[in-house]
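What the coordinates show
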Amino acid sequence: MDQLINYKIDWLSLMCQDVSIIDIMDTFIPDPHREDLLQVWQDRFICSTTMGTVVQLKYDSMLVQIPITSIYESFTTFDPDVLDAFEFAESRFTKMRVDFSGQALDMIRSFGFDVESILNTGVILPHGSCHITRCDHAFDLINYRANFLDDCIDFCNNHHSEASKPRVSCGLPSGLGYSIRTGDQKTLYIGGGASDKCLRIYDKKLQYEQSNKFTSSCPYGTEDDRPDSWIRIELQTRRSLA
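Residues numbered from 1 in each chain as written. Predicted model: local features only at pLDDT ≥ 70, side-chain atom pairs only at ≥ 80, totals over all residues. Heavy atoms only, no water.

**Let's talk about the overall build of the chain**
Along its length, the chain carries eight helices and eleven strands. Summarising its shape, the C-alpha atoms of the chain cover approximately 60 × 45 × 35 Å along the three principal directions. For the chain, with 242 residues in total, the buried portion stands at 43%. Considering only contacts in the chain between residues 6 or more positions apart, those separated by 24 or more positions represent 67%. (Helix = DSSP H or I, 4+ residues; strand = E, 2+ residues; numbered from the N terminus. Buried < 20%, exposed > 50% of the residue type's maximum accessible area, 1.4 Å probe, protein only. Contact = heavy atoms within 4.5 Å.)

See the structure below:
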């Protein structure tokens, strides 16, 4: 297998206003797949999140969350067992969050949606508006710089500050916090996972081998033709930086 460097968006979170579930499906999912809406509604789940109590709806790996407070703005009463699925899906809510995992983004790519164009054009919906609240940028090094992760770990360890927590000196007064996960996975984290930006560098080949994904969903090889190395550099951005 040849050397390859590939880029893609691997997570996308949207916060939408005055938008319906049908608007989301019309934007990202072809018409023939809308027939699955009834099953999506039947599998709904009510739970507590950072947005308060929400109704969660999941289509494949795409997750839609609508706060109960927004639902009551559209319906005077809310009884999920009585409410018609299509009436609910056509209603526009003042607040809706949509999360696309890497698997969900691959799904809408397979439908012909150009995910990466969002960086230039934004998300264009038929009604309402939305803004990106999280975007993960993934850079895959296939059979290229196989020692890149080890070199980065060595750099952090060799430039360790004297702070109580591991921090790598990088020209900033307090440096940047980092951590290393070993064992079942091999990952270098730079920055905090809950901050506006976080960098992860990890052995993606090891992750696929441990989950046996090479037999089904690996984009860079098969069970019989695996890459020699696969390092992923993943930049997670949130809020104003997304």
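**What to know about the side chain of Arg232**
Note on placement: Arg232 falls in strand E11 (residues 230-238). Judged by relative accessible area, which is 3%, Arg232 ranks as buried. A polar contact of 3.1 Å, which involves the side chain of Arg232, links it to the side chain of Asp10. A distance of 2.7 Å separates the side chain of Arg232 from the side chain of Asp140, its partner in a polar contact. Not counting residues within four places of it along the chain, the set of residues in contact with Arg232 comprises Lys8, Asp10, Ala138, Phe139, Asp140, Arg200, Ile201, Tyr202 and Lys204. (Polar contact = N/O pair within 3.5 Å; in protein donor to acceptor, adjacent residues only side chain to side chain.)

**What to know about the nonpolar core**
One finds Cys16, Ile21, Ile24, Ile71, Phe88, Met96 and Phe100 to be the most contacted residues of the largest nonpolar core, which totals 42 residues. Looking at this core, the element that brings in the most residues is helix H1 (residues 21-28), giving five residues. Residues contacting Phe100, with those up to four places away along its chain left out, are Trp11, Leu12, Leu14, Phe28, Met62, Leu105 and Ile108. (Core = buried A, V, L, I, M, F, W, Y, C linked by side-chain atoms within 4.5 Å.)

**Examining the side chain of Glu234**
Its place among the elements puts Glu234 in strand E11. Using a relative accessible area of 6% as the deciding quantity, one classes Glu234 as buried. In this structure the side chain of Glu234 is engaged in a polar contact, spanning 3.2 Å, whose partner is the side chain of Tyr202. Once you skip the residues sitting within four places of it in the chain, Glu234 turns out to touch Asp10, Asp136, His137, Ala138, Cys198, Leu199, Arg200 and Tyr202.

**Let's talk about the packing of aromatic side chains**
A complete count under the given rule lists eight aromatic pairs for this structure. When the centroid spacing of 6.1 Å and the interplanar angle of 15° are considered together, the rings of Phe75 and Phe88 count as stacked. Here Phe75, found in the loop between helix H3 (68-74) and helix H4 (85-90), pairs with Phe88, found in helix H4; they are 13 residues apart in sequence, far enough to count as distant. Taken together, the ring pairs connect Trp41, Phe75, Phe78, Phe88 and Phe93 into an aromatic cluster. The ring of Trp41 has Arg44 lying over it, and the distance from NZ or CZ to the ring centre is 4.8 Å. The ring centre of Trp11 lies 4.5 Å from the NZ or CZ of Arg134, which sits over that ring. (Phe/Tyr/Trp six-rings, centres within 6.5 Å; stacked < 30°, edge-to-face > 60°. Lys NZ or Arg CZ within 6 Å of the ring centre and 35° of its normal.)

**Examining the state of the cysteines**
Taken as a whole, this structure holds zero disulfides when the rule is applied. The thiol of Cys135 is unpaired, and the distance to the nearest cysteine sulfur, on Cys130, comes to 12 Å. You can call Cys135 buried: its relative accessible area is 1%. Between Cys152, a free cysteine, and Cys156, which holds the nearest cysteine sulfur, the sulfur-to-sulfur gap is 6.9 Å. On the basis of relative accessibility, which here comes to 17%, the residue Cys152 falls in the buried class. (Disulfide = S-S within 2.5 Å.)

**Re the sheet that holds strand E8 (residues 176-181)**
Taking strand neighbours across the sheet as the criterion, the eleven strands line up as E2-E3-E4-E5-E1-E6-E11-E10-E9-E8-E7 in an open arrangement whose pairing is antiparallel. Since the sheet does not close on itself, it has two edges, and those belong to strand E2 (45-49) and strand E7 (167-168), each with one partner. Looking at chain direction, strand E1 (residues 4-17) and strand E6 (residues 129-142) are connected through 13 bridges and run antiparallel. Within E6, the residue paired with Met15 across the bridge is His131. Strand contacts of helix H8 (residues 204-211): strand E10 (197-203) and E11, with the helix running at about 65° to E10, the strand carrying the most contacts. (Pairing = 2+ DSSP bridges. Axes fitted to C-alpha atoms, helices over the stretch in contact; angles between N-to-C directions.)

**Describing unusual backbone geometry**
In the Ramachandran plot, Asp60 falls in the positive-phi region, its phi being about 55° despite a non-glycine side chain. Relative to the helices and strands, Asp60 is located in the loop between strand E3 (52-59) and strand E4 (62-67). On the basis of relative accessible area, Asp60 is assigned to the partly exposed category, the value being 45%. Residue Asn143 is not a glycine yet carries a positive backbone phi of 55°. Structurally, the position occupied by Asn143 is in the loop between E6 and helix H7 (148-158).

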